[in-house]
Amino acid sequence: MPPPPPEPEPEPVVIHAWSAPRSLSTSLMYSFAQRDDMEVLDEPLYANFLRVTGVDRPYREELLSNMDPDGNKVISEVIFGPGKRKYRYCKHIAKQRLPNLSSDLMKKGKHFILIRNPLNILPSFDKVVPPSFFELGIAELISIYSELCELGSPPPVIDADDLQRDPEAVLSGLCEDLGIPYQPQMLQWEAGPKDFDGIWAPWWYRSVHKSTGFSMPRRYPLTFPFALYDLLEQSLPFYNVLKRHVSKTIGSPQPTLPDPPLPVPENKKILVWVGDELLPRDSAKVSVFDSVVQGGDAVWEGLRIYDGKVFKLDEHLDRLFDSAKAMAFSNVPSRDWIKDAIFRTLNANGMFNNAHIRLTLTRGKKVTSGMSPAFNLYGCTLIVLAEWKPPVYDNSHGIKLVTATTRRNSPNSIDSKIHHNNLINNILAKIEGNLAQAEDAIMLDKDGFVSETNATNIFMVKKGIVLTPHAEYCLPGITRATVMDLVVKESLVLHERRISLSEFHAADEVWTTGTMGEITPVVMIDGREIGDGKIGPVTRQIQNAYKVITAGSGVTIPRNADE
């Protein structure tokens, strides 16, 4: 009898490594080649890429003569063909994944993505090929990542800088993500060419042939070729998108903190208006040349949304424009333009109730760093930050306050009637409140009378009479004015005068007012119970009256006719 036919060789588990050129992809291939369970393929789809695209390379004819240019044949017979090792590592350059290739390429095997900052790629990229966005292929890396996510297998992402900085940590983490054991021999290899190098190795691999392992990254970058500045601007956003998905390892230069929980988880995915466009939360940024960065040079308002309406919108915009005029802003956008930006933001986020807007108008971007507004030649920057945000204080049970040693600004220094972003005075008082484990801190004026808290205006009740400090050292709040009107409408007596701290300690009731927190009862100040330590009847009366007015007034948010 003839001997039985030999059993076919098993198909290895394929590991697809996707990267842009000049991203340590060859070093990483050499690393995986040191494993006793791994065979490697160097850019098996390169010939298909040259055939389909027609791009030129110094080695084009030699490569097409020696590599199979039929990409789908390579996928079925080479990439996923039988082998003698358990694993097969395929080094892929992202731009070589062309539309003519079989979907099996993405659906089968294990995938990961290697990224590198374009700042570190571009200075040495043009040694063989003139750099271009197409040749860099970083947009295709985004496409690969997105497709793998859609297939239900988000790939691990590693950064070349981390790999150089701590190869053992990054490699062991990558192996864990791929579900394969880490082998220490991956850290070193012999210098010189390898028998699995591609035909293009003499043009591209000279430096890696001198290596025996991953070298530390340069402490200082190479001087950037500024002829490639536009290409850097085009490619860097794509790198940053993938950078957010990098596997966290101890190889990072600084310890990476986990993403903290948000007070309202739904705010993780919001759209923010910056300048003249809506941007995703993580992309919503202003320039480092913006005045708000350079000196806190901006004005702001807080707006609250109730039942499809923006409460006191025009009053807030009046104060915004007053503050901008007091600060001598130039090229301030019109009221209608700002309103339109607010309405666009709310519609895009679907925020028509129980939402809050932090509306900021900066003096704008400067042409060079410096204090002088003469450098502000671009016009103002508008930020509309809308969030899902219920009142930030416990308005049902009340809060505790302490008195800060930090005094409220005097009109002699910074007039608090300007609603500006330079809030260091308030922040210092808030720090005192935090350290005392109180919700906020009372701030006194230069003479020791109560002004406001670090974030709100303040009222007190004594023997049925409502009192609030003069707005001499505090912001004349929109909610404060609304409540003052309500007090009169509710047939209560209102006195606006200087009030000492001891009067607040001995008050029957105390509450604070603000757009963010609405009407907030205060049950303790500096360890002293206010009244009987419970919410008083006048406070309840004003809270109820405020709910009525917020439910029945405001500027309606316009919506599309078909909604």
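Since the model is a prediction, treat every value here as computed from it, not as a measurement.

S.K.: Please provide a residue-by-residue account of the side chain of His 316, values included.
M.R.: Mapped onto the fold, His 316 is located in helix H15 (residues 313–326). For His 316, a relative accessible area of 2% corresponds to the buried category. Among the polar contacts made by the side chain of His 316, one reaches the main-chain carbonyl oxygen of Gly 302 at a distance of 3.3 Å. Contacts of His 316, omitting those with residues within four sequence positions, involve Glu 301, Gly 302, Leu 303, Phe 311, Ile 478 and Thr 515.

S.K.: Lay out the side chain of Asn 409 with the relevant residues and their values.
M.R.: On the secondary structure map, Asn 409 appears in the loop between strand E12 (399–403) and helix H17 (424–435). For Asn 409, a relative accessible area of 13% translates into the label buried. Every residue in contact with Asn 409, bar those within four places of it in the chain, is listed here: Ile 414, Ser 416, Asn 425 and Tyr 473.

S.K.: I'd love a proper account of the packing of helix H18 (residues 478–489) against helix H20 (residues 537–552), names of residues and values included.
M.R.: Contact pair H18 / H20: the axes reach a minimum separation of 10 Å and the direction vectors enclose 110°. Looking at the two axes, H18 sits roughly perpendicular to H20. Every pair of crossing elements has a handedness; the one defined by H18 and H20 is right-handed. Between H18, through Thr 479, Thr 482, Val 483, Leu 486 and Val 487, and H20, the contact on the second element is made entirely by Ile 542, Ala 545, Tyr 546 and Ile 549. Counted by class, the contact of H18 with H20 contains seven nonpolar, two polar and no charged residues.

S.K.: For the pairing of strand E10 (residues 355–362), give the residues involved together with the corresponding values.
M.R.: Counting buried residues in E10 gives seven out of eight residues, a clear majority hidden from the surface. Pairing analysis gives eight bridges linking strand E8 (residues 298–306) to E10, with the strands arranged antiparallel. Across the sheet, Ile 305 pairs through a bridge with Ala 355, a residue of E10.

S.K.: With reference to specific residues and values, describe the sheet that holds strand E11 (residues 381–388).
M.R.: If you walk across this open sheet you meet the seven strands as E7-E6-E11-E10-E8-E9-E21, and the pairing is antiparallel. The strands lining the two open edges of the sheet, one partner per strand, are strand E7 (277–280) and strand E21 (555–556). Those strands touched by helix H16 (residues 335–349) are strand E6 (271–274), E7, E8, strand E9 (309–310), E10, E11 and E21, and its axis lies near 35° from that of E11.

S.K.: Tell me what's going on with a nonpolar patch on the surface, and back it up with residues and numbers.
M.R.: A cluster of nonpolar residues, Ile 424, Ile 427, Leu 428, Ile 431 and Leu 435, forms a patch on the protein surface that exposes about 490 Å² of accessible area. Tracing the sequence through the fold places Leu 428 in helix H17.

S.K.: Which residues make up the packing of helix H1 (residues 25–33) against helix H10 (residues 167–178), and what values go with them?
M.R.: Where H1 meets H10, the closest approach of the two axes is 13 Å, and the angle between their N-to-C directions is 70°. Compared by their axis directions, H1 and H10 come out roughly perpendicular. Of the residues in H10, those in contact with Leu 28, Ser 31 and Phe 32 of H1 are Leu 171, Leu 174 and Leu 178.

S.K.: With reference to specific residues and values, describe helix H8 (residues 138–150).
M.R.: For H8, with 13 residues, the first-to-last C-alpha span of 19 Å sits near the 18 Å given by 1.5 Å per residue. Buried within H8 we find Ile 138, Leu 141, Ile 142, Ile 144, Tyr 145 and Leu 148. Projected down its long axis, H8 carries its buried residues within an arc of 160°, all on one side. At the exit of H8 stands Gly 152, carrying a positive phi of roughly 90°.

S.K.: Outline the packing of aromatic side chains, listing residues and values.
M.R.: A complete count under the given rule lists 18 aromatic pairs for this structure. Geometrically, the ring pair formed by Tyr 30 and Phe 196 is edge-to-face, given 5.8 Å between the ring centres and 80° between the ring planes. Separated by 166 residues along the polypeptide, Tyr 30 in helix H1 and Phe 196 in the loop between H10 and helix H11 (201–204) bring together distant segments of the chain. Ring centres 6.2 Å apart and planes at 25° place the aromatic pair Phe 226 and Tyr 229 in the stacked group. Judged by relative accessible area, Phe 226 falls into the exposed class, the value being 57%. The ring of Phe 80 carries the charged tip of Lys 108 above its face, separated from the ring centre by 4.4 Å.

Conventions and cut-offs
- Residues numbered from 1 in each chain as written.
- Predicted model: local features only at pLDDT ≥ 70, side-chain atom pairs only at ≥ 80, totals over all residues.
- Heavy atoms only, no water.
- Helix = DSSP H or I, 4+ residues; strand = E, 2+ residues; numbered from the N terminus.
- Buried < 20%, exposed > 50% of the residue type's maximum accessible area, 1.4 Å probe, protein only.
- Polar contact = N/O pair within 3.5 Å; in protein donor to acceptor, adjacent residues only side chain to side chain.
- Contact = heavy atoms within 4.5 Å.
- Axes fitted to C-alpha atoms, helices over the stretch in contact; angles between N-to-C directions.
- Parallel < 35°, antiparallel > 145°, perpendicular 65-115°, else oblique.
- Left-handed = near helix turned anticlockwise from the far one by under 90°.
- Nonpolar A, V, L, I, M, F, W, Y, C, P; charged D, E, K, R; others polar.
- Pairing = 2+ DSSP bridges.
- Patch = residues over 30% accessible without salt bridge, like charges linked within 9 Å, V, L, I, M, F, W, Y side chains within 5 Å.
- Areas by Shrake-Rupley, 256 points an atom, 1.4 Å probe, with all protein chains shown as cover.
- Salt bridge = Lys/Arg side-chain N within 4 Å of Asp/Glu carboxyl O.
- Expected span 1.5 Å × (residues − 1).
- Arc of directions from axis to C-beta.
- Phe/Tyr/Trp six-rings, centres within 6.5 Å; stacked < 30°, edge-to-face > 60°.
- Lys NZ or Arg CZ within 6 Å of the ring centre and 35° of its normal.

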